[in-house]
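# Chain and residue survey
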Amino acid sequence: MVAFRSARLNFYLNTTLFESKPNFEKENSNGSRRIFLMPERCTACMLCMVACAVEHTSSLNPSSARLRVENKLPTAEVIFLENCDLCESLGVDMPACVQKCPKGALRLR
Amino acid sequence: MKGGYIGKILVVDVGDGSYKVIDWTTEKDEWLKFIGGRGFGAKMIWEHTGKYTDPLGPENILVLAAGPLTGLPVPGPRISVCSLSPLTGIWGDSAVGGYAGLKLKQCGYDAVVIKGWRKKFAYLYVSDDCVELRDASHIVGKGSIEAQEELRKEHGSGVATLTIGPAGENLVLFACVTSDYGRQSGRTGTGAVMGSKGLKAVVFDGDAEVPVADREGLLRLLEEAKERIIENRELFGQFSRYGTMMTLDWAQDVACLPTRNFAESVFEGAEGISASTVEMKVMRGKRGCFACPIACRTISEVKLNGETFYLDGPEYETMALLGSNLGVSNVDDLVAAHYLCDHYGMDAISAGVVVGFAIECAQRGLLTLDGLKPEWGNRDTILSLLERIAYRRGIGGILAEGVRRAAEIIGGGCENYAMHVKGLEQSGYETRAAPGMSLAYGTCDVGAHHNRSTIIGWESRNDRLGTGREKVEVQILLQHQRSLFDALGVCRFPWCETKLPFEYYVGFYVAATGINLSEKEILKASERIFNLTRMISVRRGVSRKDDYPPKRVFNEPLPSGPFKGVKLDAESYERMLDTYYELRGWSRDGIPTREKLEELGILELVEKGI
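About the cut-offs
- What you see as residue numbers is a count from 1 along each chain, following the sequence as written.
- Labels follow written order: the first chain is A, the first ligand is 1, and so on.
- Given that this is a predicted model, residues contribute local features only at a pLDDT of at least 70 and side-chain atom pairs are listed and counted only at 80 or more, while totals for whole chains, interfaces and linings are drawn from all residues.
- Side-chain metrics rest on all non-hydrogen atoms present in the structure, leaving aside hydrogens and water.
- For this analysis, residues touch if any pair of their heavy atoms sits within 4.5 Å.
- Buried surface area refers to the total accessible area, computed with a probe of radius 1.4 Å, that the two partners give up upon joining, counted for both partners together.
- For this document, the term salt bridge refers to a Lys or Arg side-chain nitrogen within 4 Å of an Asp or Glu carboxyl oxygen.
- Classes in brief: Ala, Val, Leu, Ile, Met, Phe, Trp, Tyr, Cys and Pro nonpolar; Asp, Glu, Lys and Arg charged; the others, Gly included, polar.
- For the exposure calls, accessible area comes from a 1.4 Å probe over protein chains only, and a residue counts as buried if that area is under 20% of its type's maximum, exposed if over 50%, partly exposed in between.
- Helix and strand definitions follow DSSP, with helices as H or I runs of at least four residues and strands as E runs of at least two, each counted in order from the N terminus.
- Pairing between strands is defined by DSSP: at least two bridges between the two strands are required.
- Lines fitted to the C-alpha atoms define the axes, with helices restricted to the stretch that makes contact. Angles between their N-to-C directions range from 0 to 180 degrees.
- Oblique is the label for any angle not covered by the other classes, which are roughly parallel (under 35 degrees), roughly antiparallel (over 145) and roughly perpendicular (65 to 115).
- For the domains described, the bounds stem from an automatic or database domain assignment.
- Across the chain, each position has a pLDDT score giving the predictor's confidence in that residue, from 0 to 100.
- The rule is simple: put a 1 Å grid over the protein atoms alone, call a set of points where a 1.4 Å probe fits but cannot get out a cavity, call an open set with protein on both sides within 12 Å along at least five of seven lines a pocket, and count a residue as lining if it has an atom within 4 Å of a point.
- Grid points are joined across faces, edges and corners, and a volume is the space filled by probe spheres set on the points.

### Topic: the interface of chain A and chain B
By a widespread convention, an interface's size corresponds to the accessible area lost as its parts come together. Each side of the interface is counted separately: chain A has 34 residues, and chain B has 45 residues. The junction of chain A with chain B conceals about 3500 Å² of combined surface from both sides, 60% of it contributed by carbon and sulfur atoms. At the junction of chain A with chain B, the criterion picks out 1 salt bridge. Across the pair K100 of chain A and E223 of chain B runs a salt bridge whose closest N-O atoms are separated by 3.1 Å. Across the side of chain A that touches chain B, the residue classes tally to 20 nonpolar, 8 polar and 6 charged.

Rendered as structure tokens:
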């Protein structure tokens, strides 16, 4: 899995005008990892769901992911399910969904 | 089947709610020739309809077909909605994006076929283990977006829906099928076919996995493709910011922006409806279809009667046809008109052309508009005409038949202002100074639509006014390449807008299905589909006489802009058409020859149906 290079990510983020307040979405058991969503940046493309499914179940089925994206107007919603452990069990720095979001809408703090 | 395909097609008779599941893998060589999507649609429509089938009768079938790549994380899954078109009377198909394609495949079918008809409106609920017709009285009469909200409340927001609005219920001949707030299978009036069957909506509620032959290979290719898309910084940055809206500025620059019912090709008020104006004034967010890193869709805010609504749009086509083509230079009026089209569930391209036609005819004294002022850019006129069309009230009853029929009914020489080919209203490119694009409209299999070939881009870069052989060759290649995406069941924008090489799609197909096809073979399959859709139309009376752009293009020179005084030369158009038929292996009358059909391996199929 190739991560976005940071210069490219910056370029990408600059292409959108919408700024929004990050919504707190999910934290791990001891509170050291938290995922935030910038709701106005989310395009509901579900690439986070695909990334999650690939990492955790090795399938391409977005329905087996540990989060759900709901396309609503004007802003989309992301819901993390109970079984999401922020990829701690995989021992990676960055959860798959955060890493694969093409618009930088999911953030790890 | 190793992957990509599921191997099953669901056939539902809406008359009594009975259904059967066809396992097409028993004859898989016959089916795989047609790839999927619109290819499967063409095969089924060739076999199950005939010369005299009424498009709005019970014998016509509506095919919702996904392709082999639909439902896999290839950017933008598409469903091809195929049928005999009530607007043109011939083959019609239109692809719709969003999430519906994903959910259809997750229900465990490659396609859903709807036949028969019923009196009382119902909706079809399909999931992994259930197919059911349910009472739709609570959503009948509602707008297509409201109906969708209602169904999502009922079945959970994870479902995908295809709905029709009041226009589809009232059999407006250019009604469309709406998915996912504002994705439309716009052209050719598939919504009217769905309305004629008494079907208000289809709900897909599946969670199953779509099989794939070589998962690792596909993932690697997708990752590489994403890198390639993003590497193309300028195009990618612009396209993900503005989507198709950025075409408006380009169309104005190269003078092909339809203005005031295609009378002119440059619009003095283009600034007021341009992409940057939309971004500054009404844009509220961006959306992408499933698995698409580009996200070209725009969400805008609409103010209508003091209330706020959200619109999935505008797109270039709606900006051109509901904007410049109606003389609208105010972005608020533009998005209001677009929102009404989405709400009523009718094709914004056809609606724009029809309203433009009505205003021009009224100005020339051929028609009265029930007391509305026939002025370009008049918000009241445009919005009330759209409403009258959707409910077939007053003059709307005539306009709801599309420009071809409306011009026949009104008479008095107004067919000179009816912009259509084969009955389908012309989409957003003015072609008097673009012979190649005129040919593209003339020879497109559904009518005057740009999705088979937008050679105008190539023309404006290479040879704008030429009518040579090279242009016709490019045209045919484009018709095969572009329509292949509807057969594969994915969006073509990563290829045509952000320049992802075409080989990637061949790679995706091979990785997903495990079937080894070369680029040449896959384009051959696309040619096969194109010839079969042509035969469907030929069986219903189409020949050379129907392959001409609208009269206006030949008769009236352009009154303004850089191509002032230019019109399309009839003789050179005839020459191009001859070359086109020759290169396609069709007769001089525009009918595919026996040899051609044999070469493509569909002679037997065609002979059985004729």
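### So, the pairing of strand β7 (residues 122–127) of chain B
Residues in a regular strand project their side chains so that they alternate between the two faces of the sheet. All names here are of chain B. Most of β7 sits inside the fold, with 6 of its 6 residues counted as buried. The alternating pattern of β7 places A122, L124 and V126 and Y123, Y125 and S127 on opposite faces, both of which are buried. As judged from the 6 bridges shared by β7 and strand β12 (residues 199–205), these two strands associate in the parallel manner. Across the sheet, residue S127 finds its bridge partner in β12, namely D205. Both β7 and strand β8 (residues 131–135) contribute to a ladder of 5 bridges, which runs antiparallel. Considered in β8, the bridge of V126 is made with V131.

### Things to note about the side chain of E527 of chain B
Residue and element names in this part refer to chain B. For E527, the position within the fold is in helix α22 (residues 519–539). Using a relative accessible area of 10% as the deciding quantity, one classes E527 as buried. With residues up to four places along the chain from it excluded, the contact list for E527 reads H480, R584, K596 and L600.

### So, the packing of α22 of chain B against helix α24 (residues 570–584) of chain B
All names here are of chain B. Where α22 meets α24, the closest approach of the two axes is 13 Å, and the angle between their N-to-C directions is 120°. The angle between α22 and α24 falls in the class oblique. Residue-level contacts link E527, F530, N531 and R534 of α22 to Y580, Y581 and R584 of α24. Looking at the contact of α22 with α24 residue by residue, the class counts come to 3 nonpolar, 1 polar and 3 charged.

### Quick look at the environment of D205 of chain B
Residue and element names in this part refer to chain B. Mapped onto the fold, D205 is located in strand β12. In this structure D205 comes out as partly exposed when scored by relative accessible area, which is 21%. Residue contacts for D205: discarding those within four places in its chain leaves C107, Y125, V126, S127, D128, H155 and V159.

### What to know about the sheet that holds strand β5 (residues 106–108) of chain A
Residues and elements named next belong to chain A. If you walk across this open sheet you meet the 3 strands as β1-β2-β5, and the pairing is antiparallel. At either end of the open sheet lies a strand with only one pairing partner, and these are β1 (23–27) and β5. The average undirected angle you get between the axes of adjacent strands in this sheet is 30°.

### Section: the domain arrangement of chain B
All names here are of chain B. One can read the domain layout of chain B as domain 1 (8–205), domain 2 (258–425) and domain 3 (435–498 + 517–609). On a C-alpha basis, the centroid separation for the pair domain 1 and domain 2 is 26 Å. Residue-level contacts link 37 residues of domain 1 with 34 residues of domain 2. Of the roughly 2700 Å² buried at the junction of domain 1 and domain 2 (both faces included), carbon and sulfur atoms supply 58%. When the buried area of domain 1 at its contact with domain 2 is split by residue, F174, R183 and R187 rank highest and sum to 26% of it.

### Let's talk about the confidence of the model for chain B
Across chain B, pLDDT averages 94, with 100% of residues at or above 70. Prediction confidence for the complex, expressed as pTM and ipTM, is 0.94 and 0.91 respectively.

### Description of the layout of surface pockets
Residues and elements named next belong to chain B. By volume, the second largest pocket amounts to about 430 Å³. Lining of the second largest pocket is provided by 22 residues; of these, I22, W31, M44, E47 and H48 occupy positions nearest its centre. Mapped by element, the contributors of at least two residues to the lining of the second largest pocket are β1 (8–13), β2 (19–23), α1 (28–32), α2 (38–48), β6 (111–115) and α26 (603–609). With 4 residues, the single largest contributor to the lining of the second largest pocket is α2. Taken together, the residues of the lining of the second largest pocket sort by class into 9 nonpolar, 3 polar and 10 charged. Counting residues domain by domain, the lining of the second largest pocket receives three or more from each of domain 1 (8–205) and domain 3 (435–498 + 517–609).

### Details of the sheet that holds strand β15 (residues 307–312) of chain B
All names here are of chain B. Spatially, β13-β14-β15 is the arrangement adopted by the 3 strands of the open sheet, whose pairing is antiparallel. Edge positions in the sheet fall to β13 (283–287) and β15, since each of these pairs with one other strand and no more. On average, each strand axis in the sheet is inclined to that of its neighbour by 30°, with strand direction left out of account. In the sheet, strand β14 (residues 297–304) pairs with β15 via 6 bridges, with the strands oriented antiparallel. What sits directly across from S300, in β15, is L311.

### Digging into the pattern of salt bridges
One pass over the full model with this rule turns up 50 salt bridges over all chains. One salt bridge connects K72 of chain A with E77 of chain A, and the closest N-O pair in it is separated by 3.4 Å. Classification of K72 of chain A by relative accessible area gives partly exposed; the value is 29%. For R260 of chain B, the salt bridge is made with E268 of chain B, and the minimal N-O distance between the two is 3.0 Å. On the basis of relative accessibility, which here comes to 15%, the residue R260 of chain B falls in the buried class.

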